[in-house]
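The residues making up each chain are set out below.
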Amino acid sequence: MEFLSLLDITFFLLAALGALVGIIFGAIPGMTATMAVAVCLPLTYALGLNHGLALLLGLYVGGISGGMVPAVLLNIPGTPSSITTTFDGYPMAQKGQGERALKVCVIASLVGGLISAIVLFLFAPILADFSIKFSYVEKFLIIFLALTVIASLSSNMLVGIFSGVIGVWLSLVGTYSISDGGNGKTRLMFDFMEPYLFEGFSLLPVLIGIFGISTILLEAEKGVKSGLTNEKIKIGKGAGFSLSVFKGRLTNLVRSSFIGTFVGMLPGVGGSAASVLAYTQERNLSRDSSEMGKGAPQGLIASESANNALTGGALIPLLSLGIPGDSTTAVLIGAFTLQGVQVGPLFIPENADTWYVMMTALVFANFVMFFLMFYAIKYIAKVIMVPKHILFPIIVMMCVVGAYAINYGIMFDVWTLLIFGVLGYLVQKVGLEVAPLIIGFILGSSAEVYFVKTLESFGTLSIFFTKSPIAVVLWILILASVAFSIVMRLKSRRELKADLPASRLNKEELS
Amino acid sequence: MESGLSTLLSVSIDFETSHLFFPRIIHWLLACLFLLVLVFRVIPFLAAVRRGEHSLPIIGESMDVLRFFGTLALIAAYFYLMAAIGNLFPYTGYGFLFVSMAFVLLMSLLYMHERTRKNLGIAVVNAIVAPSLAWFVLAKLFNITLP
């Protein structure tokens, strides 16, 4: 219980502030939890590890939850993970039940967040304990598995793999570090770049550039339209909400929370996959799903409990294996590195206090989110009105501070923002995927060390298959994820073909 | 047969060139994947563009040219001038403070759709207050290095 002495009033205030700022970011369409964490990183430079974590976890929980506000009120998902919230939330808002819909979402979010926190608390130490025994061979295969899973769950497997390998390539720019047992020589650059890129691209400027600057470029291209007027937002009367909405919905709530937690654990898979999966499961398994899509609270429950459950799930592989579960936890890895903490199998056993502090922050942030959103939702809903011409310049400014201060004042890190901002913009425009690219970038250099060092000591590729039973299991999992992707592709193609004649028939009937 | 397989799988890495070993594999992988993407994605996509079903990304889409390239130019100028002016007042963060004020104001004006007196007033106040607040909290209270 020593960790209790680490919790002071500042800790709780920072977690609450994080949740509030996160909700605001999440509520503004086009801004995500990832962006909230990336933009607020400079504030943690001056804070200690525990206070910094309180702020960042608050931002994470708040950012994921905030997306429900514009989803319900404007039919625009504030974050990708609230896409399915629009299906039932907006019809309810149109019927004048906006506040009722939001309150259902808030309670579902709280339950999802807490269930996933419990799973994280129980499961992460076990996984970490198990993975401590991993040698370089298993560690390489874990990274390989992570990249395969991301690719196989991408909308197109080939594009997913391609994006991931580009990320790995970018991570190799710089020296083959002597501290990792390399020979200290630079590669993948011209001589004149050496002063700038000797240590490669810094992680945080890359992340802030991809998630901050490229979002702004994408908006600028569309003309930074606000298109919102006060009249458009209909929050409705508070009356009509009671807990009886949840009667008979407990199975849905718990199932969706577990789906969210599980999807969160898979690396690189965002909240949209979690909420879409939970929503379709509810539609398939519920006794009466005829109202779903027309304004049924059960749809909101499925969607919101799943996307908040993502938070705890995504932290499991981060804290036990050092592999981020989604793009926000990828930015969190940067925050840990900044504080001199290495996440991986040894993190929980060696930093037991930090681990308990994190759990406290996560649970507390969920409650703060609940109270803020449940009682102050009317006022928070107004933030979606903040004009972007005020907000965007401030975001660029905060991105600059974050990038410049990370290595104590290196101007090249600021230029990295622009380079990766433009790269992130192009990647999204030509249809490549950002999440696999980022995970490839984060894991690429470790993958190199594990792979090359293994071959240097054993001298044969067969070691990757024969080292241990765990290696064999990992190979089976890798093959299974590829097979899963191929089966799903064939299934959707068959469904598409079956749908085509039907739609043609309808057209003919109409004409 | 077995010895043939084991020689096929055996690898020796020269330490002097070990920094190029993994990048070489990645290059081959990238080249193969690029070919596959070209055959299965790019060529069918271009065929669809020719049939008029899709438009080319970036070039074929409508774009707010002024705001997009204005943003790029403003950000580049912001980064460049920040360092240049910052060098005139080292270790004070003034480069960040003053150039940010100009940047925030210009970017607000660029993105503003209705230039009413009220909107302009808010933008000017924001351009003075936001950078000052960020500078004060980060550079003065938290002692964070700023350009």
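Thresholds, definitions, all that
- Residues numbered from 1 in each chain as written.
- Chains lettered and ligands numbered in written order.
- Predicted model: local features only at pLDDT ≥ 70, side-chain atom pairs only at ≥ 80, totals over all residues.
- Helix = DSSP H or I, 4+ residues; strand = E, 2+ residues; numbered from the N terminus.
- Rg over C-alpha atoms; globule rule 2.2 N^0.38 Å.
- Buried ≥ 20, exposed ≤ 12 C-beta atoms within 10 Å, placed from the backbone.
- Contact = placed C-beta atoms within 7 Å.
- Core = buried A, V, L, I, M, F, W, Y, C linked by C-beta atoms within 7 Å.
- UniProt positions renumbered as here; feature names shortened; annotations may be inferred.

## With respect to the overall build of chain A
Consideration 1: When you go through chain A residue by residue, the secondary structure sums to 21 helices and 2 strands.
Consideration 2: The C-alpha atoms of chain A give a radius of gyration of 23 Å, which matches the 24 Å a tight globule of 511 residues would have.
Consideration 3: Overall size of chain A, expressed as C-alpha extent along the three principal axes, is 70 × 55 × 50 Å.
Consideration 4: A buried classification covers 57% of the 511 residues belonging to chain A.

## Brief notes about the environment of A:G164
Residues and elements named next belong to chain A.
Consideration 1: Note that G164 resides in helix α8 (residues 157–172).
Consideration 2: Separated by 274 residues in the primary sequence, G164 and I438 have C-alpha atoms spaced 7.4 Å apart.
Consideration 3: Once residues lying within four places of it in the same chain are set aside, the contact partners of G164 are L147, I150, A151, P436, L437, I439 and G440.

## Some words on the nonpolar core
Residues and elements named next belong to chain A.
Consideration 1: Counting 199 residues, the largest nonpolar core has A15, V37 and L57 as the members making the most contacts within it.
Consideration 2: Broken down by element, the residue count for this core peaks at 16 residues, all from helix α6 (residues 98–131).
Consideration 3: Discounting residues that sit within four places of it in the chain, A15 has contacts with A54, L55, L57, G58, A361, F364, A365 and V368.

## Regarding the interface of chain A and chain B
Consideration 1: Each side of the interface is counted separately: chain A has 52 residues, and chain B has 53 residues.
Consideration 2: Taken together, the elements giving at least two residues each to the side of chain A that touches chain B come down to α2 (33–45), α8, α10 (203–221), α17 (388–406), α18 (411–429) and α19 (434–458) of chain A.
Consideration 3: When residues in the side of chain A that touches chain B are grouped by element, the largest group, 11 residues, is from α17(A).

## Some points on the UniProt feature "domain: DUF1468" (unreviewed entry) in chain B
Consideration 1: Under the local residue numbering, the UniProt record ascribes the feature "domain: DUF1468" (unreviewed entry) to residues 21–147 of chain B.
Consideration 2: Secondary structure across residues 21–147 of chain B comprises 76% helix and 0% strand; the distance between its end C-alpha atoms is 39 Å.

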